[in-house]
Number of protein chains: 2
Amino acid sequence: MPTGTENMTRSALRRRLEALDDKTVARLNEISRPVDLPAGQQIIIEGDPAASIYSVQQGVVSVFKLLPDGRRQITGFLYPGDFLGVTFNLGAVYGYGAEAVTHCSLRAWPRGALERLSEEAPGLRRLFMAEIADELTEAQDRILMLAHRSVEERVATFLLTMARHQAGATGTRIEVVEIPMRWADIADYLGTSAETISRTLSTFRDRHIIHTGKRSEIVVLDWAALEAITGGDRPEEGEIYR
Amino acid sequence: MPTGTENMTRSALRRRLEALDDKTVARLNEISRPVDLPAGQQIIIEGDPAASIYSVQQGVVSVFKLLPDGRRQITGFLYPGDFLGVTFNLGAVYGYGAEAVTHCSLRAWPRGALERLSEEAPGLRRLFMAEIADELTEAQDRILMLAHRSVEERVATFLLTMARHQAGATGTRIEVVEIPMRWADIADYLGTSAETISRTLSTFRDRHIIHTGKRSEIVVLDWAALEAITGGDRPEEGEIYR
DNA sequence: CGGGACGTTGACGCCCGTCAAGACATGTGG
DNA sequence: CCACATGTCTTGACGGGCGTCAACGTCCCG
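Residues numbered from 1 in each chain as written. Chains lettered and ligands numbered in written order. Predicted model: local features only at pLDDT ≥ 70, side-chain atom pairs only at ≥ 80, totals over all residues. Heavy atoms only, no water.

Q: How should the domain arrangement of chain A be read in this particular structure?
A: The figure often quoted for interface size is the accessible area lost as the parts come together. Residues and elements named next belong to chain A. Along its sequence, chain A is carved into domain 1 (6–146) and domain 2 (151–230). Each side of the interface is counted separately: domain 1 has 17 residues, and domain 2 has 16 residues. Overall, the association of domain 1 and domain 2 removes approximately 1500 Å² of surface from exposure, summing both partners, and the carbon and sulfur fraction of that is 58%. At the surface where domain 1 touches domain 2, the tally comes to two salt bridges. Among the salt bridges present, the one from R72 reaches D188, with a minimum N-O distance of 2.8 Å. Of all the elements in the fold, those that place two or more residues in the side of domain 1 that touches domain 2 are helix 1 (6–18), strand 5 (72–78) and helix 4 (122–148). It is strand 5 that contributes the most residues to the side of domain 1 that touches domain 2, six residues altogether. Counted by class, the side of domain 1 that touches domain 2 contains seven nonpolar, five polar and five charged residues. (Domains from an automatic or database assignment. Contact = heavy atoms within 4.5 Å. Buried area = accessible area lost by both parts, 1.4 Å probe. Salt bridge = Lys/Arg side-chain N within 4 Å of Asp/Glu carboxyl O. Helix = DSSP H or I, 4+ residues; strand = E, 2+ residues; numbered from the N terminus. Nonpolar A, V, L, I, M, F, W, Y, C, P; charged D, E, K, R; others polar.)

Q: Looking at this model, I keep getting lost on the pattern of salt bridges. Mind explaining?
A: Pairs may arise between side chains of opposite charge once their charged atoms sit close together. Scanning the entire structure with this criterion turns up 16 salt bridges over all chains. Taking the shortest distance from any N to any O, the salt bridge between A:R111 and A:E115 comes out at 3.3 Å. Taken together, the residues A:R111 and A:E115, both in helix 3 (residues 111–120) and four residues apart, mark about one turn of the helix. A relative accessible area of 37% places A:E115 in the partly exposed class. B:E30 is the partner of B:R27 in a salt bridge, and the nearest nitrogen-oxygen pair spans 2.8 Å. With a gap of three residues between them, B:R27 and B:E30 both fall in helix 2 (residues 22–31), about one helical turn apart. For B:R27, a relative accessible area of 35% corresponds to the partly exposed category. The class for B:E30 is exposed, based on a relative accessible area of 57%. Among the charged side chains, a salt-bridge network with shared partners connects A:R72, A:R182, A:D185 and A:D188. (Buried < 20%, exposed > 50% of the residue type's maximum accessible area, 1.4 Å probe, protein only.)

Q: Looking at this structure, I do not really get the packing of aromatic side chains. What am I missing?
A: Each aromatic ring pair is described using two quantities: the centre-to-centre distance and the angle formed by the ring planes. For the structure shown, the criterion picks out ten aromatic pairs over all chains. Taken together, the ring pairs connect A:F77, A:F158 and A:Y189 into an aromatic cluster. The ring of A:F64 has A:R72 lying over it, and the distance from NZ or CZ to the ring centre is 5.9 Å. Over the face of the ring belonging to B:Y189 we find B:R142, whose NZ or CZ atom lies 4.1 Å from the ring centre. (Phe/Tyr/Trp six-rings, centres within 6.5 Å; stacked < 30°, edge-to-face > 60°. Lys NZ or Arg CZ within 6 Å of the ring centre and 35° of its normal.)

Q: Would you mind showing me how to read the protein's contact with DNA strand C here?
A: Lining the immediate environment of DNA strand C, one finds 17 residues, of which A:W183, A:S198, A:S202, B:T192 and B:R199 sit closest. One of the side-chain N or O atoms of B:R71 is found 3.2 Å from a phosphate oxygen in DNA strand C. Residue B:E195 places a side-chain N or O atom 3.5 Å away from a base nitrogen belonging to DNA strand C. Residue assignment for the surface near DNA strand C shows that the elements contributing at least two residues are helix 7 (194–206) of chain A together with helix 7 (194–206) of chain B. Sort the elements by how many residues they give to the surface near DNA strand C and helix 7 of chain A lands first, with five residues. Grouping the amino acids of the surface near DNA strand C by side-chain chemistry returns two nonpolar, seven polar and eight charged. (Near = heavy atom within 4 Å. Polar contact = N/O pair within 3.5 Å; in protein donor to acceptor, adjacent residues only side chain to side chain.)

Q: Looking at this structure, I do not really get the nonpolar core. What am I missing?
A: One recurring pattern in soluble globular proteins is that nonpolar side chains are buried together. One finds A:L28, A:W109, A:L114, A:L124, B:L28, B:L114 and B:L124 to be the most contacted residues of the largest nonpolar core, which totals 41 residues. Those elements that provide at least two residues to this core are helix 2 (22–31), helix 3 and helix 4 of chain A together with helix 2, helix 3 (111–120) and helix 4 (122–148) of chain B. Residues contacting B:L114, with those up to four places away along its chain left out, are B:L28, B:I31, B:I53, B:W109, B:L124 and B:F128. (Core = buried A, V, L, I, M, F, W, Y, C linked by side-chain atoms within 4.5 Å.)

If you want it as structure tokens, here you go:
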């Protein structure tokens with residue numbers, strides 16, 4: 001049962017946060033500080049001392065690494081309920097940058113206090129553990145994508161992921177998918193170029209799979225086609241490996 | 001300071017294992033069972049219940065995911081000192097397969113016992129935590145590779161990584177790099193094809209960067225050239241990002 | 001209204017995946 | 001020890017996907 005698990009695990013994480021005992025939740029609220037950011041604002045700079053841990057309340061955040069040649073690889077987008085900055089590498093330094101894609105409200109905890117709290121609260125410890133494990137499986141899913149999928153498959157998968165995110169958030173059926181990020185961001189995420197993103201969406205449009213109205217709003221006309229392009233996330237029943 | 005950290009962290013992990021208190025180490029040895037495997041032997045099957053945790057004593061192990069279309073993506077190679085099976089996803093089911101690349105000796109622990117032991121030994125807990133964190137940064141490094149590096153850069157990086165592994169293991173300077181895995185394995189790891197691996201090595205040979213004698217033995221003639229091809233792992237001092 | 005950021009579309013070329021045919025190596029049985 | 005089969009590496013030929021450069025269209029904001 002490979003790949004395609006990233007959404008399940010993330011929402012599972014969110015549910016688990018709510019399952020913490022009341023006292024811990026109260027303490028969490030006490031020591032946290034709300035942060036509001038305009039779109040485009042830097043949140044974390046790679047290499048800075050890892051002073052804070054954040055959770056996203058509203059908006060979308062991009063997490064990225066900068067490359068020597070000036071490019072950047074977006075390693076993930078964060079949505080409400082996701083955590084930012086949990087990955088503690090040895091030096092207690094952020095291993096990545098992060099910035100607000102849209103206007104964002106975050107909740108910030110001083111790392112020290114949060115770590116102390118997690119010593120007492122095993123539930124919180126497990127939460128962080130799960131967060132890292134989630135990030136790992138997500139990263140591995142992306143490795144599969146980048147290594148073996150065509151750009152078209154990646155874009156289709158991305159659209160479906162965005163759609164599922166909004167369906168999960170609103171709980172309702174979706175036909176208009178909001179794409180808050182710029183094409184260049186998506187490109188940096190999927191390991192391709194902004195032009196190719198544009199071209200791919202254009203062919204989807206020409207094939208009547210989507211309808212593009214206002215930028216940042218994509219209407220999906222043919223879900224089945226999108227999923228077909230995805231290339232079959234999961235193996236069929238009784239399929240033979242190798 | 002992006003990328004290129006994978007080796008440091010791995011060896012740091014090994015050192016930390018030795019830093020466990022004696023009682024824990026004794027218990028660890030008690031409940032472990034040695035396993036010897038011939039090359040090619042399956043160790044873990046994706047989807048099976050995660051019964052054991054292993055550590056590699058000798059040999060090389062490949063960890064992989066199988067794709068619906070029958071291909072496989074090797075997510076990593078494990079060398080002596082590395083752990084296998086620590087990443088337990090929610091269902092306590094292995095999220096990947098593993099097989100012996102060379103003849104291997106492993107040490108196996110029943111998962112339950114090891115988890116119970118880690119409840120008492122915070123050092124062990126931190127060890128596992130670090131193991132997962134390492135895997136995460138390794139996965140993210142690979143994302144950078146796959147997204148933005150040419151095959152030539154990937155192969156050069158791979159060679160250097162192998163060389164560093166052996167230098168680290170023997171402690172001496174190296175000029176002959178042993179490549180125990182098949183080209184197809186390397187290809188599945190780097191997200192390319194066996195033919196392209198062969199071709200790339202051939203051009204390295206023609207450019208007098210390496211010398212190829214017996215298969216599985218590569219003599220590096222020009223380290224500087226290899227590193228140059230790598231594409232500059234780290235940013236230069238004072239370099240400007242974007 | 002002018003300028004800047006972003007998206008779209010075209011043209012071009014090359015990297016690399018794929019198919020196919022040999023070249024070696026290794027092992028097995030006669 | 002040789003003949004043969006099997007697995008692996010090498011090399012060639014071919015073509016398509018997609019990265020890059022460049023020009024243009026569109027939207028927004030001062």
